[in-house]
Amino acid sequence: MLDTKDFNFFDSQSSFDFKGFLLKIIAYWKWFLLSLLITFIYAYNVNIRKESIYGMESLIVVEDQNNPFFTSNTSLVFNWGGTSDKVQTIITTLRSRSHNEIVVDKLQYYINYLTKGEYYYKDAYGEVPFYVQIDKSKGQLFGQLIKIKFLSPTQYELTVDFGENTTTTVVHYNDLSVKPINISGGEFKKVFKINELIDLPFLNFKLLIKPEAFEYLNKEYYLRFDDFNSTVANYRNIDVAADAKALSVIRLQMEGPNKYRLVEYLNTTVKTLQKIQLDSKNQFANNTIGFIDSTLNVMESQIKDAENELKEFRRGKNILELEGVESGSALSAKLSGYDVEKDAINRKIAYYNLLKNYLEKTTDYSKLPAPTVAGIDDPNIIGNVSKLIQLSAERANMAYSVKNKKLFSEFDVEMESTKKVLLENINSAKNGLSLDLSLINKNIAKAEGEASLLPENKQEHIKITRKYNLKDKIYSSFLEKRSEAEIVKAANISDVTFLDPAKDVGGGLRGPKTNVNYILAAFLGFLIPLFIVFIIVFLDNNINTAEDIQKLTAIPLIGVVGLKNVKSNLAVFEKPKSPLSESFRAIRSSLQFMYKKQHKQDAIILMITSSVSGEGKTFCSINLATVFALSEKKTVIVGLDLRKPRIFGDFNIDNIVGVVNYLIGQKTIQDVIQKTHIPNLDVIPSGPIPPNPSELLMSDAMKEMIDELKTKYDYIILDTPPVGLVADALELANFCDTTLYVTRQGFTKKAMLNVVNEKHKRGELRNISIVFNGFQNKPKYGYGYGYGYGYGAYGEGYHDEQKPKSKWEKIVSKFKKNKD
């Protein structure tokens, strides 16, 4: 008795057959080849259509550049700060919108110079033989290609294709406004002279030839005026970062399709930064020089008046007599000294008052003069004023590039704190100066008392001389300070210096990464079909191999039948020596061996069924009956598929009378039996389709027909309906000695074997075996299986020789098969 354990379909799917999956992958090698071919062609086209991308870089260093003219003897003192926060400030500046606007505007990078390539317009900046000078106040054609063709060394042709448009837009680079204008449409073409000013509604520039230009005649170039803000935004993507090992070193990197443009931009942005940084550094000196110049302008007239007054007084008088008295001369010198000291104190007080008023009424402290211009040498005052100027300048620069309100508030807090400290320093210093001024005034009063004892003429001379000497000394002092400020300014250098300027030394190619694209193409070319094959395998619920059957059921596999190689179902009769015929003989031998063990002597009844229509049930019935008949056994095929009778067609007999006629009592058994052209093989067709096939098969007449056939034949083959669709076959199982359940490779669903397992378990199907039909030993079905098939390899001449088909014959055969 067969093992009738219950089989679970899902349990059978729990283990993954890697070897079978690998064989199926190999079977779809054409898919992989096609997929790889497509992906590599796509990658190749992507690579040739992409512009080459280059990378350039430069290195700068940020350090405190000490002015060599700052010595202990220099009366002007300037405090420029340290490098603690300069690096980050410079990095922020280089990325800022305002800074890049200056550089883009200076280089006019919103004007694109192009040449037409096979797949794209190439950025030819630095390679074209010309450049244009534009009038920024007038409109330039916005975003549209302008073709330039040089006809001669002195003339060129300008072409613009407007198509069917009657309006276009122009951009004014002085205020970045974009305005629409009316045009006539179509193609505009006109010849201009080199260096001629073009004055058109949509173009206003002058084209000039570069001195080094050559071989440019009859060649075509293109211009395009792009959006200024978009160009700036593009260059703000510059990669700026401090070196990890040397924090004062900054590395600037850019990528783009034009190396000349990259090198020029990197170097220009640093030079622009140097100029801005040096201008900021000189701001203190410029403020001081401006303050001194304004003071000198006032004092020039004052000293001239004093000099004229002294000359006028001395006119007609004895100079030796006026200056001859030693005490009078010494007294005059003493008073002049006191006057200078008093003026110095008054200037300090005046500066402090000016500074206090400035701090209380304004917020921009970048224009404050140096305290030393008024003779102030207090390090607290000097340090806080310079710090306030530096913070004010940094905040003004950040206003164009930084949108972080928190950062602004931090600056404001620090500036406010510095201002409060400075105001306290001013009050303290003014108190000290008031005491000094009071003491000087006492000394002056005392000296003036001594001078009052001198003759009136000498007193007046001393008074006028004091006035002149004071103006002269103040003027000389300011001239000296101005000279020092000019020297200091001239000696200043930027804290930003080139360590390694950008330079095209060859190479620098960053993309497109063709190797990466090809690797990606190979990966996708393999992965896509692999995924498809995996989905096919995962969703494939068909029985493809004999191993599938053995995993899903304990019902024995009695034989494997290959694909038929003839048009009709009479494969064994037409080609008796073919491997297909041998597979049916193998099944016959297995059945005979089984019957011999069972000591079967009388007629053998064999029922052939399947799960659904199309699995080859009728094909197996005909050919199995044929091998029995060819072994000289009287065999009959009984067509019991009353709903879909098909068995008669291959034998060229009619289906007018058959099983149905016998079962309803119209005909005798002899009337329904029809001879065939195959010896020892008879056929009883189904006959006309009845309205009640199940009832007929369950009738007593059915048993009578089987009993009569037992007396006439050795083998009775019952071609029954599929057990998975109707219950007719189950009613006939009681008459049968053996049931053959036909499955078909790539057609029968695995779940259908559950139906057979259940029926076998309940005893509805006895002595059941499985026939695996339509077998092809192809990798796409997993493992091969040689049981009962494949004898053609055993020796020459044993089977019918089959000439292999040519490729053309295979195509035609496949086409006819699909058509049928």
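The model shown is predicted, which means the values in this text are computed figures rather than measured ones.

A. Focus on the overall build of the protein chain. Within the protein chain, the secondary structure is distributed over 25 helices and 25 strands. Counting the 820 residues in the protein chain, one finds 44% classified as buried. Intrachain contacts of the protein chain at a sequence separation of at least 6 include 80% that bridge at least 24 residues.

B. Fine view of the packing of helix α4 (residues 86-95) against helix α5 (residues 97-107). Closest axis-to-axis distance for the α4/α5 pair is 5 Å, and the angle between their directions is 55 degrees. By the angle between their axes, α4 is oblique relative to α5. Residues T93, L94 and R95 of α4 lie in contact with α5, whose contacting residues are R97, H99 and N100. Taken together, the residues that form the contact of α4 with α5 break down as one nonpolar, three polar and two charged.

C. Representation of the pairing of strand β24 (residues 738-744). Of all seven residues in β24, six are buried; the element is thus mostly enclosed. Pairing geometry for strand β19 (residues 604-610) and β24, over five bridges, is parallel. Bridging across to β24, T609 finds its partner in Y741. With helix α24 (residues 752-761) bridging β24 and the parallel strand β25 (residues 768-775), this β-α-β connection has right-handed handedness.

D. Up close: the pairing of strand β12 (residues 204-209). Strand direction decides the pairing type here: strand β4 (residues 130-134) and β12, joined by five bridges, are antiparallel. Each bridged residue has a counterpart across the sheet, and for Y131 the counterpart in β12 is L208. The pairing of strand β11 (residues 197-199) with β12 spans three bridges and is antiparallel. Along β12, the bridge assignment pairs D199 with N204. If you look at the hairpin formed by β11 and β12, you'll find four residues sitting between the two strands.

E. Expanded view of the sheet that holds β24. On the basis of which strands lie adjacent, the open sheet formed by eight strands has the order β18-β25-β24-β19-β23-β20-β22-β21 and mixed pairing. Unpaired on one side and paired on the other, β18 (557-562) and β21 (674-675) mark the two borders of the sheet. Here five bridges tie strand β20 (residues 635-639) to strand β23 (residues 715-719), and the two strands are oriented parallel to one another. Each residue of the ladder has a partner; that of V638, found in β23, is L718.

F. Spatial organisation of the nonpolar core. Judged by nonpolar contacts, the single largest core of 61 residues is most densely connected at F130, Y156, L158, F202, L203 and F205. Not counting residues within four places of it along the chain, the set of residues in contact with F130 comprises Y113, I148, F150, L207, L208, I209, K210, Y221 and L223.

G. Examining the sheet that holds strand β7 (residues 155-161) more closely. Read from one edge to the other, the open sheet built from six strands follows the order β3-β2-β13-β6-β7-β10, with strand pairing classed as antiparallel. The sheet is open, and its two edges are formed by β3 (121-123) and β10 (187-193), each paired on a single side. Taking each pair of neighbouring strands and ignoring which way they run, the sheet shows an average axis angle of 30 degrees.

H. Expanded view of the confidence of the model for the protein chain. Looking at the protein chain as a whole, its pLDDT mean stands at 79, while 81% of the residues score no less than 70. Residue range residues 1-14 is modelled with pLDDT below 50. Its contacts to residues more than four positions away, or to other chains, number 22 contacts. Ignoring residues within four places in sequence, the model shows residues 783-802, a span with pLDDT below 50, making 47 contacts including any to other chains.

I. Region of the structure containing the pattern of salt bridges. A full pass over the atoms with the stated rule returns 18 salt bridges. Among the salt bridges present, the one from D682 reaches K675, with a minimum N-O distance of 3.3 Å. Judged by its relative accessible area of 64%, K675 is exposed. Sharing partners across several salt bridges, the network here consists of E57, D243 and R251.

J. Layout of the packing of aromatic side chains. Enumeration according to the criterion identifies 27 aromatic pairs in this entry. Relative to F130, the ring of Y113 lies with its centre 5.7 Å away and its plane at 70 degrees, an arrangement referred to as edge-to-face. In this pair, Y113 is assigned in strand β2 (residues 111-116) and F130 in strand β4, connecting sequence segments 17 residues apart. You'll find Y113 and F130 in the same group, each marked buried. Note on F150 and Y216: the rings are 5.0 Å apart at their centroids and 75 degrees apart in plane angle, and the pair reads as edge-to-face. Separated by 66 residues along the polypeptide, F150 in strand β6 (residues 146-152) and Y216 in the loop between β12 and β13 (220-225) bring together distant segments of the chain. Look at Y216 and you get buried, because its relative accessible area is 10%. Linked through ring pairs, Y109, Y113, Y125, F130, F150, Y156, F192, Y216, Y221, Y235, Y260 and Y265 together constitute an aromatic cluster. A cation sits over an aromatic face here: R261 above Y109, 4.7 Å from the ring centre.

K. Summary view of the packing of α5 against helix α6 (residues 228-235). One way to put it is that α5 packs onto α6 with a least axis distance of 9 Å and a crossing angle of 115 degrees. With respect to their mutual orientation, α5 and α6 come out roughly perpendicular. Considering only the axes of α5 and α6, their crossing is right-handed. Where α5 abuts α6, its residues R97, N100, E101, V104 and D105 lie against F228, N229, T231, V232 and Y235. In terms of residue class, the contact of α5 with α6 is built from four nonpolar, three polar and three charged.

L. Inspection of the environment of S583 at higher detail. On the secondary structure map, S583 appears in helix α17 (residues 579-597). Distance from S583 to G562, taken between C-alpha atoms, is 7.7 Å for residues 21 residues apart in sequence. Within the structure, S583 has its side chain in polar contact with the backbone oxygen of L580 (distance 2.4 Å).

M. Region of interest: the environment of H677. Mapping H677 onto the fold places it in the loop between β21 and β22 (681-684). H677 sits 104 residues away from F573 along the chain, and the two C-alpha atoms are 10.0 Å apart. Setting aside chain neighbours within four positions, we find H677 in contact with L570, F573, D650 and F651.

N. Looking closely at the environment of G614. With respect to the secondary-structure elements, G614 resides in the loop between β19 and α18 (617-630). Under the relative-accessibility criterion, G614 is labelled partly exposed at 32%. For the pair G614 and P722, spaced 108 residues apart in sequence, the C-alpha separation works out to 9.6 Å. Setting aside chain neighbours within four positions, we find G614 in contact with R744 and F747.

O. Molecular detail of helix α22 (residues 700-710). If you check which residues of α22 are buried, you get A701, M702, M705, I706 and L709. Down the axis of α22, the smallest arc covering the buried residues is 140 degrees, so these residues share one side.

P. Summary view of the side chain of S568. Topologically, S568 is positioned in the loop between β18 and α16 (571-574). By relative accessible area, S568 is classed as buried at 19%. Within the structure, S568 has its side chain in polar contact with the backbone nitrogen of L570 (distance 3.3 Å). Here the side chain of S568 touches E574 through a polar contact of 2.8 Å, side chain to side chain. Excluding residues that lie within four positions of it along the chain, S568 makes contacts with E574 and D650.

Q. Quick look at unusual backbone geometry. Located in the positive-phi region is N195, a residue other than glycine, with phi close to 70 degrees. Residue classification places N195 among the partly exposed residues on the basis of a relative accessible area of 44%. One non-glycine residue, N218, lies in the positive phi region at around 65 degrees. Mapped onto the fold, N218 is located in the loop between β12 and β13.

R. Expanded view of the side chain of N542. Considering the arrangement of structural elements, one finds N542 in the loop between α14 (514-539) and α15 (546-552). Within the structure, N542 has its side chain in polar contact with the backbone oxygen of G746 (distance 3.2 Å). Within polar-contact distance, the side chain of N542 engages the side chain of K749 at 2.9 Å. In this structure N542 touches D548, G746, F747, T748, K749 and K750, once residues within four positions along its chain are discounted.

Criteria and thresholds
- Residues numbered from 1 in each chain as written.
- Predicted model: local features only at pLDDT ≥ 70, side-chain atom pairs only at ≥ 80, totals over all residues.
- Heavy atoms only, no water.
- Helix = DSSP H or I, 4+ residues; strand = E, 2+ residues; numbered from the N terminus.
- Buried < 20%, exposed > 50% of the residue type's maximum accessible area, 1.4 Å probe, protein only.
- Contact = heavy atoms within 4.5 Å.
- Axes fitted to C-alpha atoms, helices over the stretch in contact; angles between N-to-C directions.
- Parallel < 35°, antiparallel > 145°, perpendicular 65-115°, else oblique.
- Nonpolar A, V, L, I, M, F, W, Y, C, P; charged D, E, K, R; others polar.
- Pairing = 2+ DSSP bridges.
- Right-handed = clockwise from strand over helix to strand, strands pointing away.
- Core = buried A, V, L, I, M, F, W, Y, C linked by side-chain atoms within 4.5 Å.
- pLDDT = per-residue confidence, 0-100.
- Salt bridge = Lys/Arg side-chain N within 4 Å of Asp/Glu carboxyl O.
- Phe/Tyr/Trp six-rings, centres within 6.5 Å; stacked < 30°, edge-to-face > 60°.
- Lys NZ or Arg CZ within 6 Å of the ring centre and 35° of its normal.
- Left-handed = near helix turned anticlockwise from the far one by under 90°.
- Polar contact = N/O pair within 3.5 Å; in protein donor to acceptor, adjacent residues only side chain to side chain.
- Arc of directions from axis to C-beta.

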